[in-house]
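Here's the letter readout for the chains.
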Amino acid sequence: MAEQNTPGSATVAGATYDPQKIEAKWQKRWAEARVFDSDVDPSKPKYYVLEMLPYPSGTMHMGHMRNYAIGDVVARVKRMRGFNVLHPMGWDAFGLPAENAAIKNNTHPREWTNKNIAQFQKVLRRFGFSYDWRREISTCEPEYYRWNQWFFMRMLERGLAYRKKSRVNWCPKCCTVLANEQVINGGYCWRHEDTLVESREIEQWFLKTTAYADQLLDDLKELEGRWPERVILMQRNWIGKSQGAKVKFAVADVAETEPIEVFTTRIDTIYGATSVILAPAHPAVERLLSWAKADSIEWTRLRKMRQASVKTEDLATMEKEGFFTGRYATNPFSGEKIPIWVGNFVLMEYGTGAIMAVPAHDQRDLEFCRKYGLPVRIVVEQKEVESSKLKVEGVKERPKDVHSGQPAVEEAFTEYGVSVNSGPYNGMDSEAAIAKMAAFAEQKGFGRAETIFRLKDWGISRQRYWGTPIPVIYCSKDGMLPVPDKDLPVLLPPNPKLTGEGESPLASTPEFVNTTCPKCGGPARRETDTMDTFVDSSWYFYRYCDPHNDKAPYDSTKIAYWFPIDQYIGGITHAILHLLYSRFWCKVMRDLGLITHNEPIARLFTQGMVQKGGVAMSKSRGNVVGAEEMAQKYGADTGRLYTLFAAPPEKDLEWSEESIEGSWRFLNRVYRLVERHAQAVREVKSGNAGAVAASSKEKILLRKAHQTLRRVTQDFETRWHFNSAIALIMELTNEIYLREPLEEGVRPEVRKEVLEMLTLMLAPMTPHLAEELWEMLGYTGGLWTARWPEFDEALTREEEVEIPVQVNGRLRGKVKVAVGTGVEEVEKLALADPAIAPHLAGKSIVKRIFVPDKLLNLVVA
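**Considerations on helix H22 (residues 722–738)**
For H22, built from 17 residues, the straight-helix expectation of 24 Å at 1.5 Å per residue is met to within 8% by its first-to-last C-alpha distance of 24 Å. Buried residues of H22: Phe 722, Asn 723, Ala 725, Ile 726, Leu 728, Ile 729, Met 730, Leu 732, Thr 733, Glu 735 and Ile 736, and no others. Each element contacted by the buried residues of H22 is listed here: helix H2 (62–80), helix H19 (636–645), helix H20 (657–681), helix H21 (696–719) and helix H23 (748–762).

**Regarding the sheet that holds strand S32 (residues 653–654)**
Pairing is mixed in the open sheet, where 3 strands are placed in the order S31-S30-S32. Edge strands, defined here as strands with exactly one partner in the open sheet, are strand S31 (615–616) and S32. As paired strands, strand S30 (residues 610–612) and S31 are joined by 2 bridges and run antiparallel to one another. Looking across to S31, one finds that Gln 611 is bridged to Ala 616.

**Looking at the pattern of salt bridges**
Between side chains of opposite charge, pairing is possible as soon as their charged atoms come close. For the structure on display, the rule yields 55 salt bridges. The salt bridge involving Glu 717 is made with Lys 78; its shortest N-O contact spans 3.6 Å. Taken as a pair, Glu 717 in helix H21 and Lys 78 in helix H2 lie far apart in primary sequence, 639 residues in all. Put simply, Arg 719 and Asp 715 hold a salt bridge, and the shortest N to O gap is 2.2 Å. Of the two residues, Arg 719 and Asp 715 are both situated in helix H21; the distance of 4 residues between them amounts to about one turn of the helix. By relative accessible area, Arg 719 is classed as partly exposed at 40%.

**Focus on the environment of Glu 756**
Among the secondary structure elements, Glu 756 is positioned in helix H23. For Glu 756, a relative accessible area of 8% corresponds to the buried category. Separated by 18 residues in the primary sequence, Glu 756 and Trp 774 place their C-alpha atoms 7.3 Å from one another. Leaving out residues up to four positions away in the same chain, Glu 756 has contacts with Ser 686, Trp 774, Leu 777 and Tyr 779.

**Overview of the packing of helix H3 (residues 96–105) against helix H4 (residues 109–126)**
H4 packs onto H3 with a crossing angle of 110° between their chain directions and a minimal axis gap of 8 Å. As summarised for this structure, H3 and H4 are arranged roughly perpendicular, according to the angle between their axes. Crossing angle aside, the handedness with which H3 passes H4 is right-handed. Together, Pro 97, Ala 98, Glu 99, Ala 101, Ala 102 and Asn 105 of H3 and Pro 109, Trp 112 and Thr 113 of H4 make up the contact between the two elements. Here the residues of the contact of H3 with H4 are counted per class, giving 6 nonpolar, 2 polar and 1 charged.

**Regarding helix H18 (residues 627–634)**
Those residues of H18 not exposed but buried are Ala 627, Met 630, Ala 631 and Tyr 634. Summarising the axial view, the buried residues of H18 lie within an arc of 100°, below the 170-degree limit, and thus occupy one face. With respect to the buried face of H18, the exposed residues turned more than 90 degrees away are Glu 629 and Gln 632. Where the residues of H18 are buried, they touch helix H1 (19–33), H2, H4, H19 and H20. Two residues or fewer after H18 comes Gly 635, characterised by a positive phi angle close to 100°.

**Some words on the sheet that holds strand S24 (residues 479–482)**
As summarised here, the arrangement of the 4 strands in space is S24-S23-S26-S25, forming an open sheet in which the pairing is antiparallel. With one partner strand each, in any of the chains shown, S24 and strand S25 (514–516) form the two edges of the open sheet. Strand-to-strand twist of the sheet, defined as the mean angle between neighbouring strand axes without regard to direction, takes the value 40°. Here 4 bridges tie strand S23 (residues 472–475) to S24, and the two strands are oriented antiparallel to one another. By the bridge assignment, Tyr 474 is partnered in S24 with Met 480.

**With respect to empty space enclosed by the protein**
Vacant regions in the atomic arrangement are exposed by a probe of water-molecule size rolled over the atoms. All chains considered together, the criterion is met by 1 cavity of 30 Å³ or more. Here the largest cavity is characterised by a volume of approximately 30 Å³. Around the largest cavity sit Asn 148, Phe 151, Phe 152, Met 155, Leu 207, Ile 460, Met 531, Val 535 and Trp 585, which together line it. Tallied by class, residues from the lining of the largest cavity come to 8 nonpolar, 1 polar and no charged.

**Points about the pairing of strand S11 (residues 198–207)**
The pairing of strand S7 (residues 161–171) with S11 spans 10 bridges and is classified as antiparallel. Across the sheet, residue Val 168 finds its bridge partner in S11, namely Arg 200. In the sheet, S11 pairs with strand S21 (residues 458–459) via 2 bridges, with the strands oriented antiparallel. By the bridge assignment, Leu 207 is partnered in S21 with Trp 458.

**Side note on the side chain of Asp 529**
Tracing the backbone through its elements, the reader meets Asp 529 in the loop between strand S26 (523–526) and strand S27 (530–531). Despite its burial, Asp 529 remains without a salt bridge, the nearest opposite charge being carried by Arg 163 at 4.3 Å. At 3.3 Å, the side chain of Asp 529 forms a polar contact with the side chain of Ser 461. Polar side-chain contacts of Asp 529 include one of 3.4 Å to the side chain of Gln 463. Beyond its immediate chain neighbours, meaning those up to four positions away, Asp 529 contacts Arg 163, Glu 203, Ser 461, Arg 462, Gln 463, Thr 468, Pro 469 and Ile 470.

**Side note on the confidence of the model for the protein chain**
Caution applies to low-pLDDT regions: their predicted coordinates should not be interpreted in detail. For the protein chain, mean pLDDT is 90; residues scoring 70 or higher make up 92% of the total. Taken as a whole, residues 10–14 scores under 50 in pLDDT and shows 15 contacts with residues more than four places along the chain or in a different chain. pLDDT under 50 marks residues 386–398. Its contacts with residues more than four places away, or in other chains, come to 6 contacts.

**What about the packing of aromatic side chains?**
According to the stated counting rule, one finds 52 aromatic pairs in the structure shown. Taken together, a centroid distance of 5.7 Å and an interplanar angle of 75° make the contact between Tyr 212 and Phe 584 edge-to-face. Residue Tyr 212 is located in the loop between S11 and helix H6 (213–218), and its partner Phe 584 is located in helix H17 (residues 577–591); the two are separated by 372 residues in the primary sequence. Using a relative accessible area of 1% as the deciding quantity, one classes Phe 584 as buried. Ring geometry for Tyr 271 against Tyr 425: centres 6.3 Å apart, planes inclined by 55°, an arrangement best described as tilted. With a gap of 154 residues between them, Tyr 271 in the loop between strand S13 (260–264) and strand S14 (275–278) and Tyr 425 in the loop between strand S19 (418–419) and helix H12 (430–444) connect regions that are remote in the sequence. Residues Tyr 271 and Tyr 425 agree in their burial class; the two are buried. Within the aromatic cluster, the residues linked to one another by ring pairs are Tyr 144, Trp 147, Trp 150, Phe 151, Tyr 212, Trp 458, Phe 534, Trp 539, Tyr 581, Phe 584 and Trp 585.

About the thresholds
- Residues numbered from 1 in each chain as written.
- Predicted model: local features only at pLDDT ≥ 70, side-chain atom pairs only at ≥ 80, totals over all residues.
- Heavy atoms only, no water.
- Helix = DSSP H or I, 4+ residues; strand = E, 2+ residues; numbered from the N terminus.
- Expected span 1.5 Å × (residues − 1).
- Buried < 20%, exposed > 50% of the residue type's maximum accessible area, 1.4 Å probe, protein only.
- Contact = heavy atoms within 4.5 Å.
- Pairing = 2+ DSSP bridges.
- Salt bridge = Lys/Arg side-chain N within 4 Å of Asp/Glu carboxyl O.
- Axes fitted to C-alpha atoms, helices over the stretch in contact; angles between N-to-C directions.
- Parallel < 35°, antiparallel > 145°, perpendicular 65-115°, else oblique.
- Left-handed = near helix turned anticlockwise from the far one by under 90°.
- Nonpolar A, V, L, I, M, F, W, Y, C, P; charged D, E, K, R; others polar.
- Arc of directions from axis to C-beta.
- 1 Å grid on protein atoms, 1.4 Å probe; cavity = no way out; pocket = protein on both sides within 12 Å on 5 of 7 lines; lining within 4 Å.
- Points joined across faces, edges and corners; volume = space filled by probe spheres on them.
- Lys, Arg positive; Asp, Glu negative; His and termini not counted.
- Polar contact = N/O pair within 3.5 Å; in protein donor to acceptor, adjacent residues only side chain to side chain.
- pLDDT = per-residue confidence, 0-100.
- Phe/Tyr/Trp six-rings, centres within 6.5 Å; stacked < 30°, edge-to-face > 60°.

Put into structure tokens, the structure is as follows:
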């Protein structure tokens, strides 16, 4: 038979696979029948599956589509399993890119955003993703961001929202604050990779995430085994609980100067402190440098350090820089005066912003002290290592450190051991020394045991237009006041002046800034910062459950039915902040009495990236494959199938035009196969064809079909091995083709059962084609009314198997037996087998190890 394999349609002997026509047909029918609408139904088990909502910028490419294809397979399988499935979609619509694009193109951010949303929605509909579009939300609409403001008010009332001065990352080109994760490549803006980020101190709003630090850490135990291990580890490290002590070092010879407080997890090493090092932003630095002129080397270095942005993950590898302040601090344990330095690797965000440098027992301290010639003093040794032992055993001693006279330290010893050179604590194990030193410090009033967290409060202030206005008013008489609930939402002004330069656009919009005080009625001004867009995405999945509620963020009874999210799907790039803030928001809502659960997401899956040319698809890299163009060329089902087949879902996928054409050809084969036999089986009543299977061809086909169904069911339900499931379905298709012509030896009822099973297994992955095949097979109700098929265990068994026979553990041959044959019969056949029998001649069988249908091992003497 001649074939036409041109993408777009395939024609064979009158059968035409036209994906454009088929996909449009079934999308229209799904919409008319409202197939994917879902409402609370206590009579059915619920399943809430969700992909992370997209940011609508540019055009949607195949890198985006993989995430949604995975989620859609899960949603469709669960529907076929009888679940009431909630599968919504919305738009993370606020953000700086929209504002920058508006400035560049001289348009309004809303116009740019809504244009992109329309394009994204068109593509998602084109791919047939089974969303309940009634629940669509857009975070830039007042109906949504009103509740961002409402939640802010509740946090303000509880002391969870507050304002303070803080040092932040500032992009001079974006003219706004950046999160640490938005500072890349050693200090550049993620949006402007040619722009160095500065460190500035400004007044901004915070949410008190630290109030929930212990809960955020402890509740990770609920997620073990249900979230990827590396995500849990990343969250645990970000929260960063450390148990240690705070100790005050008095500043020597400087009157009326507060002691410098350091936090250390190893107070037992304090006798090895050879300097105190301050973060550039530490408030004591300027007092300590009061002796120096403004143009001095010290002030010049300080200004340079303060302008630089340092990320925590870069501390281990970055070049350590610093300078001596000219001042000294007194070690409260030893009484020794040690120099006070400023170092770029000490951060205000961790601990107290000051450290005691113990170079013999901290690698970063060692690098810094070596560079600047500061002493290195050993105060902890391994229990079994003593210098006298080195001499006795004839081991050459290490060179001496020129400053301390001790053996030179090549690498910091950071483990617990025995205290040395530590006054009254000599000879103590580290654990005992830590406890005694902390108690002594507390007794004397210069320290105390304390637990701290790496987690810091969430700075939500952004100095741009396109975000949720912070609902606060400032009055010269009454101070800072919240906007009353009745006046929410505080709306963005419709026509701001957007320049991307200078102050916030809201601050330069008088009609927004100028207002009246809700308390005294006098003139007042509004807050001009907008909220970080992570606020929008921290609770959006709750709004999906009740998207049109104008009285509350949502109806708590609906949340009680749908939550927690049964399966959340998204990229590893959101493993920390988005998920951490979502967990924080959940706990706040619980304490407000809106929900009763502790965690919003029961299961999390992080999919791999789609790459082209070895790097992730990105418009900026110019390596994207447009989703709409791909669907127009090959059909949406081909694109869906390829992204699921080309790699396991958790692994990265390298785009291949040749491979996607292979997926296209496979769907053509399936279409031709069903079309060829559809007319002959349409009127046949579907039933248990296996019960009447007679010919060998029928038995082979039914066995293969039920074996495939069993394994595909496992791949869908328990392992998410979509790629192997597709490979199995391809094998089944090949098996059917090998048995052609099916009219010879395969009755219509058997043909129908096998083709039905093939169609149903394809349905979650290629739903448009499956619907068309289902209709061709004689069904008028649509596949959405069909249930996932059940495999017949009896039909999955092979009728004969080859059992390996071992003699004393060595393979000597194989015997073919009927499935389920007992050990006596297998042994009898082995004794008669000419390849095995010589290895048993003249020997006694002392033991039989038998695995039914798998193995016989005869132990002989």
